[in-house]
Structure formats: structure tokens, C-alpha cells
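Commentary on secondary and tertiary structure
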Amino acid sequence: MTDESPQQATPAASTTPATSATTGDVPAFGWSGYAERVNGRFAMVGFVAVVVIELISGDTFLHWAGLVP
């Protein structure tokens, strides 16, 4: 009796990079449309956070941050 091991099928590696979950863009470093879109979204979140801090504290951001006496 011969001892034969079953052949295991290995999935072929995909040559195309995975795209973003929300767009068809490929995530990339550097000056790319995807990176600029993500940076813009983070800037919008930061701006809203500053406005919320000003509304809750009743003080300006510059005073709250200690930049203006």
C-alpha cells in the first residue's frame, strides 16, 4: 500500500490591491486622492471638535488652549 498525501489547493495570490471600503480608490501613501480625502475628513472632524469645545466651555479655543491670555 502506498502512502499518498492528498493535494492541497492553495489559493492564488491576488495581484490587485484591495480597495477602500467606501470608494474604489486604492489606499496609498503620499500625494494621492485617497490620502487627501482621508486628511480632509480628519480636518472636518477636528474643526467640529473645536466648535463643540467652544460651545461647551463658553470660551474661545485660543484662550482655552492658552495661546491668548
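Before any of the text, the structure's been laid out above.
To start, this report covers the structure provided alongside it. (Residues numbered from 1 in each chain as written. Predicted model: local features only at pLDDT ≥ 70, side-chain atom pairs only at ≥ 80, totals over all residues. Heavy atoms only, no water.)

Focus: the overall build of the chain
A tally of regular secondary structure across the chain gives two helices and zero strands. Here the chain, with 69 residues, has 4% of them falling under the buried criterion. Of the roughly 6400 Å² of accessible surface on the chain, a fraction of 65% belongs to carbon and sulfur atoms. (Helix = DSSP H or I, 4+ residues; strand = E, 2+ residues; numbered from the N terminus. Buried < 20%, exposed > 50% of the residue type's maximum accessible area, 1.4 Å probe, protein only. Areas by Shrake-Rupley, 256 points an atom, 1.4 Å probe, with all protein chains shown as cover.)

Describing helix H1 (residues 33-57)
For H1, built from 25 residues, the straight-helix expectation of 36 Å at 1.5 Å per residue is met to within 8% by its first-to-last C-alpha distance of 36 Å. Positive backbone phi, approximately 75 degrees, marks Gly 58, located one or two places after H1. (Expected span 1.5 Å × (residues − 1).)

Quick notes on a nonpolar patch on the surface
A cluster of nonpolar residues, Phe 47, Val 48, Val 51, Val 52, Leu 55 and Ile 56, forms a patch on the protein surface that exposes about 630 Å² of accessible area. Tracing the chain through its elements places Val 51 in helix H1. In this structure Val 51 comes out as partly exposed when scored by relative accessible area, which is 32%. (Patch = residues over 30% accessible without salt bridge, like charges linked within 9 Å, V, L, I, M, F, W, Y side chains within 5 Å. Salt bridge = Lys/Arg side-chain N within 4 Å of Asp/Glu carboxyl O.)

Notes on the side chain of Ser 32
If you trace the backbone, Ser 32 turns up in the segment before H1. Judged by relative accessible area, which is 16%, Ser 32 ranks as buried. A polar atom in the side chain of Ser 32 sits 3.2 Å from the backbone nitrogen of Ala 35. (Polar contact = N/O pair within 3.5 Å; in protein donor to acceptor, adjacent residues only side chain to side chain.)

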